[in-house]
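Coordinate analysis (summary)
So you can see what is in the structure, the chains are spelled out below.
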Amino acid sequence: MSYQLSLLKIPVKSIINSISFYTDVLGFTLEFQAEQYGWAQLSSGELNLALYELNKGGGSRTIGGSIDFHLKLTDPDFTALSNKVIDTESLVDNRVHVGNDGSTFFEVVDIDGNVLKIMKCN
């Protein structure tokens, strides 16, 4: 048996306001949105991501804080995105971190306070 990620869901206050952050800042592509259901679906490569407004059918997770997943990018995409996000002042501690295990990552805070960790893969 081998699992694959089907859809990553992130709770937001307003899909309309959040779409621009995920497309303009993080580089996702908007696939479709359904404002009446508080739902927007985006993609990047093979990753499908959904933004959803609470209690409109997508779920009821608390908005804000760690999303509890790590995305990964290869260089030079990692470096280009980290430089771009530093300019938007959306990075936690406004820097790229190196972990005790040698991993390189940054954490991005979206407009609703959700924190996404992006790892550099070697």
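To be clear, the structure that these remarks concern was listed above.
Right, let's walk through the structure included here.

Reading the values: rules and limits
- Residues numbered from 1 in each chain as written.
- Predicted model: local features only at pLDDT ≥ 70, side-chain atom pairs only at ≥ 80, totals over all residues.
- Heavy atoms only, no water.
- Core = buried A, V, L, I, M, F, W, Y, C linked by side-chain atoms within 4.5 Å.
- Buried < 20%, exposed > 50% of the residue type's maximum accessible area, 1.4 Å probe, protein only.
- Helix = DSSP H or I, 4+ residues; strand = E, 2+ residues; numbered from the N terminus.
- Contact = heavy atoms within 4.5 Å.
- Pairing = 2+ DSSP bridges.
- Axes fitted to C-alpha atoms, helices over the stretch in contact; angles between N-to-C directions.

A word on the nonpolar core. Ile10, Tyr22, Leu26 and Leu51 are the most contacted members of the largest nonpolar core, which has 26 residues in total. Residue assignment for this core shows that the elements contributing at least two residues are β1 (8-12), α1 (15-25), β3 (39-44), β4 (47-53), β5 (65-74), α2 (77-87), β7 (104-109) and β8 (114-121). Broken down by element, the residue count for this core peaks at 5 residues, all from α1. Sequence-distant contacts of tyrosine 22, that is, excluding residues within four places in its chain, are made with Ile10, Gly27, Phe28, Leu42, Leu49, Leu51, Asp110 and Leu116.

On to α1, then. Buried within α1 we find Ile15, Ser18, Ile19, Phe21, Tyr22 and Val25. In the stretch just after α1, glycine 27 is the one whose phi turns positive, near 85 degrees.

With that settled, consider the sheet that holds β4. One open sheet accounts for 4 strands, arranged β1-β4-β3-β2; its pairing is mixed. At either margin of the open sheet sits one strand with a lone partner, and together these are β1 and β2 (29-34). Taken pair by pair, the neighbouring strands of this sheet meet at an average axis angle of 20 degrees, ignoring direction. Pairing of β2 with β3, which is carried by 5 bridges, proceeds in the antiparallel orientation. Across the sheet, residue threonine 29 finds its bridge partner in β3, namely serine 43.

Our next topic: the sheet that holds β5. Spatially, the 4 strands line up as an open sheet ordered β5-β8-β7-β6, and their pairing is mixed. Pairing within the sheet leaves two strands with one partner each, and these edge strands are β5 and β6 (97-98). Bridging between β5 and β8 involves 7 bridges; their strand directions are parallel. Bridge pairing in β8 links glycine 65 to asparagine 114.

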